[in-house]
Amino acid sequence: NAGVMQNPRHLVRRRGQEARLRCSPMKGHSHVYWYRQLPEEGLKFMVYLQKENIIDESGMPKERFSAEFPKEGPSILRIQQVVRGDSAAYFCASSLSASNQPQHFGDGTRLSIL
Amino acid sequence: DQQVKQNSPSLSVQEGRISILNCDYTNSMFDYFLWYKKYPAEGPTFLISISSIKDKNEDGRFTVFLNKSAKHLSLHIVPSQPGDSAVYFCAASASFGNEKLTFGTGTRLTIIP
């Protein structure tokens, strides 16, 4: 998993607080994807971004969740007013291009809501 | 609506033998398929992929077979090694305008020394 850097690795928040998850893609990769894994489940797509653009956010909850990938700096997944159900592992992946290229994953951020 | 299914939650294989992991899909738009391996507390590691224009792709001990008519793919690991013990995820994507990966629920592979 070298290359895609996620931080923090673990994040604890109380209900109602905000969570910010960061992802730096592999060098040279301009396509970033966020996935969520609930316990005992597979990974579920949330959002696909390129620099400064959201390409597909069909997997993202309509409220409280937002994502960005600015021209400079990491991609950010932001969850406002967190609830217990947001507890999960959030994984970021990057790829060189969109078509028929493997996505490479970071080690994830484990979000726990108290 | 589980579009990618891994029907075996777990599999145990003797060291040195062949491990075969299976995956079925329902969406005929899928044209790119991948296998990932995942250890606890780590992200998925890409293993091997196959495009729908092929029916087989090989990389070292790993071979992926694709049967489009049956909407089925399998991963063969031979010979199996203790370090192969992990959860294996099958994933699929459709290349035009929809690059997101759809994952199966995983198969936990245990290699018995």
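Here, every reference points to the structure presented above.
Residues numbered from 1 in each chain as written. Chains lettered and ligands numbered in written order. Predicted model: local features only at pLDDT ≥ 70, side-chain atom pairs only at ≥ 80, totals over all residues. Heavy atoms only, no water.

1. Brief notes about the pattern of salt bridges
Line of reasoning, step 1. Summed over the entire model, instances satisfying the criterion amount to 5 salt bridges over all chains.
Line of reasoning, step 2. For the salt bridge of Arg78(A) with Glu18(A), the shortest nitrogen-to-oxygen distance reads 2.9 Å. With Arg78(A) in strand E8 (residues 75–79) and Glu18(A) in the loop between strand E2 (10–13) and strand E3 (19–24), the pair connects residues that are 60 residues apart, well separated along the chain.
Line of reasoning, step 3. With a shortest N-O distance of 3.9 Å, Glu58(B) and Lys56(B) are connected by a salt bridge.
Line of reasoning, step 4. Among the residues examined, Glu58(B) registers a relative accessible area of 52% and is labelled exposed.
Line of reasoning, step 5. By sharing partners, the salt bridges in this structure join Glu18(A), Arg20(A) and Arg78(A) into a single network. (Salt bridge = Lys/Arg side-chain N within 4 Å of Asp/Glu carboxyl O. Helix = DSSP H or I, 4+ residues; strand = E, 2+ residues; numbered from the N terminus. Buried < 20%, exposed > 50% of the residue type's maximum accessible area, 1.4 Å probe, protein only.)

2. So, the side chain of Asp84(B)
Residues and elements named next belong to chain B.
Line of reasoning, step 1. Among the secondary structure elements, Asp84 is positioned in the loop between strand E8 (72–77) and strand E9 (86–94).
Line of reasoning, step 2. Classification of Asp84 as buried rests on a relative accessible area of 2%.
Line of reasoning, step 3. Beyond its immediate sequence surroundings of up to four residues, Asp84 is in contact with Lys37, Arg61, Phe62, Ile77, Pro79, Leu109 and Ile111. (Contact = heavy atoms within 4.5 Å.)

3. Topic: the pairing of strand E3 (residues 19–25) of chain B
All names here are of chain B.
Line of reasoning, step 1. Side chains Ser19, Leu21, Cys23 and Tyr25 of E3 all project onto a buried face; the interleaved residues Ile20, Asn22 and Asp24 project onto a face where none is buried.
Line of reasoning, step 2. Summarising the sheet, strand E1 (residues 4–5) and E3 pair through 2 bridges and their orientation is antiparallel. Residue pairing in the sheet places Val4 in a bridge with Tyr25 of E3.
Line of reasoning, step 3. Bridge count between E3 and E8: 6 bridges; the pairing is antiparallel. Residue pairing for E8: Leu21 is matched across the bridge by Leu75. (Pairing = 2+ DSSP bridges.)

4. Considerations on the interface of chain A and chain B
Line of reasoning, step 1. If you look at the interface, chain A gives 24 residues, while chain B gives 22 residues.
Line of reasoning, step 2. A buried area of about 1,800 Å², summed over both sides, lies between chain A and chain B, and 54% of it is on carbon and sulfur atoms.
Line of reasoning, step 3. There are 5 residue pairs in polar contact (both at pLDDT 80 or more) connecting chain A and chain B.
Line of reasoning, step 4. Broken down by secondary-structure element, the contributors of at least two residues to the side of chain A that touches chain B are strand E4 (31–37), strand E5 (43–50) and strand E10 (104–105) of chain A.
Line of reasoning, step 5. Of all the elements, E5(A) adds the most residues to the side of chain A that touches chain B, at 4 residues.
Line of reasoning, step 6. Residue composition of the side of chain A that touches chain B, by class: 9 nonpolar, 10 polar and 5 charged. (Buried area = accessible area lost by both parts, 1.4 Å probe. Polar contact = N/O pair within 3.5 Å; in protein donor to acceptor, adjacent residues only side chain to side chain. Nonpolar A, V, L, I, M, F, W, Y, C, P; charged D, E, K, R; others polar.)

So far we have only geometry, and geometry alone does not tell us how the molecule works.
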